[in-house]
Structures are given as C-alpha cells and as structure tokens.
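# Examining the three-dimensional arrangement
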Amino acid sequence: MRIGFIDSGVGGLSILAAVRAKVPASYIYVMDNFYLPYGEKSETFIQARLAQLSALLLDKGADLIVIACNTATTQAVALLRTQFNVPFVGTVPAIKPAAAQFCQQGFTVLATPATCRSDYLKGLIAEFASACVVRTAGSSELVRLAEQKVWYQQNIQVQVEAELKGLGILSEQPEALVLGCTHFPFLAAELNHCLPQTTLLDTADAIARRVTTLIGRLPETPNQPDDYHHLYISSGVLDARQRQRVTELGFDQYEYWSIPALTA
C-alpha cells in the first residue's frame, strides 16, 4: 500500500503522523514549496497545480491520496475526484465538532486567507454552525512561522503572539480555536501559551480514521519497518539543514521534482 500526501509545505506532516500511527504503508509526501503558501494563490491555480501533483503521485504508485492542506481541499478536492480514478481524502476545518461543543459560546476559525474566503468554508459554517457565532481569522504569516519551527527549530513565540494580536484574537480570546490549516498544529505550544483557556481543535485523528476505513483494517501482525520505504519530494530546492531534517522526520528517500511553472 502506498499513500500519497500533498501540501505546499510541512503542514501535511501533522496529518501524515496521525495516519502513520494507524496505517502501515509506504508514504510519499509531496511538498510544493516552490509555491508556498497556497493560501495566497487563486482557486484556478490551486486546481491546476493539484492536478499536476496528483498525476505525479499516481506515477509513483499511490493507491490513495490525502490532500493534507485545508486550502487545497476547499478549492480543489471536488474537481480532483472527477479527474482521477483514485480515492482522495480531504482536510477540512473542524466546524462540525466545534459547533457541537462550543456553539453557545461561539468559536474562531484560524486558517489561511484563501480558506477563510472560500465558499467551501462558508458552506460548512452554514451547514453545521448556522446558529453559532463563528469568527474567522486568516494568516499566511503563521504558515511561514510553522515552517521555520519545523525546519530549523526556531523559537517563534514572540512572532506568533504578535500575529495573534494583529488578528485581534488576543483581545477577545475565544473559547475554541479551530485550526483550519494543517501547519497550525505545529504551533500548538505557542498558541496554548498565548491562549491558555482556549481549546484547540484539529482534524488529524479524524482523517487517520477515514484513511483506515478506506484501505481496510490494519493487519493484526505489524509489518517490519524495512518492508516500507518513505519518499519525500519537494518542488523547491532544500538547503543542507532541510535535507537533514527530511531524514530526521522519518523519510529514507528524497527527490527534487520540477514541473513547468503555472501562473499563480
């Protein structure tokens, strides 16, 4: 079994970790860092780019593809399902569970600008949280900060706090914060520091359960680690520290991949 993942950066690794804990498989992670972040790109661009990356994963033998990016899911997954004969698992903000637990108090969705303005997110809110007070806050800066933390282990607490302040989240701290970008779970420690009374919600475990359902039950006897190989692909050149981190993150193979550029 080969499972492919797509994101513009390292955010999808938060989803891959949850899936990998449940599903023994070979993993292929495509990081489209040449176009990081997707949250600043147009819907037309994201749809075209995700079609290219999905074709790449199919060429690599992927049996199932996880769109491990909220922005790409909200803008492209429906179209991808009509273009390719392979199961796609999307990543959508945890609006339904947030509404079930925090409707009376209200909650905030922290996502990329593209996700915040998407019809998909508006539809989720209308379907599951129409009776709730739902605020949205869009940030590309938090995506960049998560990248710095994951790649270089930088202390970005001050920058995260400044960004939350600029978004108005610190002045009126929400009961719950829906992490509507897969990068943001990597900032959980910083967010908890700034918002100690706020509950953080993400969908990594739900996605892992969905993947498990689609590929069938896990084998009773675990396979040996050597049975699987995990490939990391980037569309932008990685520096020496990033190459080292790829290995530290559990990948035994790496490829640089380039495709004719699209207009963002």
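The structure under discussion appears in the preceding block.
Our subject in this report is the structure included herewith. (Residues numbered from 1 in each chain as written. Predicted model: local features only at pLDDT ≥ 70, side-chain atom pairs only at ≥ 80, totals over all residues. Heavy atoms only, no water.)

## Structural notes on the nonpolar core
The test is simple: Working definition of a nonpolar core: buried Ala, Val, Leu, Ile, Met, Phe, Trp, Tyr and Cys residues. They are joined through side-chain atoms within 4.5 Å. Relative accessibility decides the category of a residue: with a 1.4 Å probe and only protein chains considered, values under 20% of the type maximum give buried, values over 50% give exposed, and everything between is partly exposed. The helix and strand labels rest on DSSP assignments: H or I over at least four residues marks a helix, E over at least two residues marks a strand, and numbering proceeds from the N terminus. Throughout, a residue-residue contact means that at least one pair of heavy atoms, one from each residue, lies within 4.5 Å.
If you look at the biggest cluster of nonpolar residues, it comprises 27 residues, and the most contacted ones within it are Ile3, Phe5, Val66, Val211 and Tyr232. Sorting the residues of this core by element identifies strand 1 (2-7), helix 1 (13-20), strand 2 (26-31), strand 3 (64-67), helix 7 (141-152) and helix 10 (204-215) as the ones contributing at least two each. Here this core takes five residues from helix 1, the largest share from any one element. Leave out the neighbours within four places in its chain, and Val66 touches Ile3, Gly4, Phe5, Ile6, Ile15, Val89, Ile207 and Val211.

## Notes on the pattern of salt bridges
To keep it simple, the criterion reads: Within this document, salt bridges are pairs made up of a side-chain nitrogen of Lys or Arg and a carboxyl oxygen of Asp or Glu, the two lying within 4 Å of each other.
Evaluated as defined, the whole model comprises seven salt bridges. Between Arg135 and Glu172 there is a salt bridge, with the nearest N and O atoms lying 3.4 Å from each other. Highlighted residues: Arg135 in strand 6 (residues 134-138) and Glu172 in the loop between helix 8 (157-167) and strand 7 (176-180), separated in sequence by 37 residues. A relative accessible area of 41% places Arg135 in the partly exposed class. By relative accessible area, Glu172 is classed as exposed at 53%. Taking the shortest distance from any N to any O, the salt bridge between Glu248 and Arg245 comes out at 3.0 Å. Taken together, the positions of Glu248 and Arg245, both in helix 11 (residues 240-248) and three residues apart, correspond to about one turn of that helix. Classification of Arg245 as buried rests on a relative accessible area of 14%. Through salt bridges with shared partners, one network takes in Arg241, Arg245 and Glu248.

## Notes on the environment of Phe128
For Phe128, the position within the fold is in helix 6 (residues 119-128). Spatially, the C-alpha atoms of Phe128 and Leu201 are 15 Å apart, while their sequence positions differ by 73 residues. With near-sequence residues (within four places) excluded, Phe128 lies in contact with Ile95, Lys96 and Ala99.

## Digging into helix 10
Since there are 3.6 residues in each turn of an α-helix, residues three or four apart along the chain are aligned in direction. Heads up, the rule is: The length a helix should cover is 1.5 Å for every residue beyond the first. Think of it as the arc spanned by the lines of direction from the helix axis to the C-beta atoms.
Between the first and last C-alpha of helix 10 there are 17 Å, a value that for 12 residues agrees with the 16 Å anticipated at 1.5 Å per step. Those residues of helix 10 not exposed but buried are Ala204, Ile207, Ala208, Val211 and Thr212. Looking straight down helix 10, one finds that the buried residues subtend no more than 140° of arc, so they occupy a single side. Note on helix 10: the residue one or two positions beyond its end, Gly216, has a positive phi of about 95°.

## Digging into the packing of aromatic side chains
As a reminder of what qualifies: By convention, a stacked pair of Phe, Tyr or Trp rings (six-membered ring in the case of Trp) has centres within 6.5 Å and planes under 30 degrees apart, an edge-to-face pair has planes over 60 apart, and any other such pair is tilted.
Going through the model one piece at a time under the given rule, you end up with eight aromatic pairs. Look at Phe5 and Tyr27: their rings are 5.8 Å apart centre to centre, the planes differ by 50°, and that puts the pair in the tilted class. Pair noted here: Phe5 is in strand 1 and Tyr27 is in strand 2, with a separation of 22 residues, a long-range link. Accessibility assignment for this pair places Phe5 and Tyr27 in one class, buried. Seen in terms of ring centroids, Tyr35 and Phe45 are 4.7 Å apart; in terms of plane orientation they differ by 65°. Their pairing is edge-to-face. Separated by 10 residues along the polypeptide, Tyr35 in the loop between strand 2 and helix 2 (43-59) and Phe45 in helix 2 bring together distant segments of the chain. Residue Tyr35 is classed as buried on the basis of its relative accessible area, which comes to 7%. When its relative accessible area of 2% is taken as the criterion, Phe45 is described as buried.

## Side note on the sheet that holds strand 2
Applied cut-off: At least two DSSP bridges between two strands are needed for those strands to be called paired. For helices, the fitted line uses only the C-alpha atoms of the stretch in contact; every axis is such a line through C-alpha atoms, and the angle between N-to-C directions lies from 0 to 180 degrees.
Sheet architecture is open: six strands sit in the order 4-3-1-2-9-10, paired in parallel fashion. Sheet topology places strand 4 (88-89) and strand 10 (253-256) at the edges, where each strand pairs with a single neighbour. Here strand 9 (residues 231-234) runs beside strand 10; their pairing, made up of four bridges, is parallel. Within the sheet, the bridge partner assigned to Tyr232 lies in strand 10 and is Tyr254. Packing against the sheet, helix 1 makes contact with strand 1, strand 2, strand 3 and strand 9, and its axis sits at approximately 175° to strand 2.

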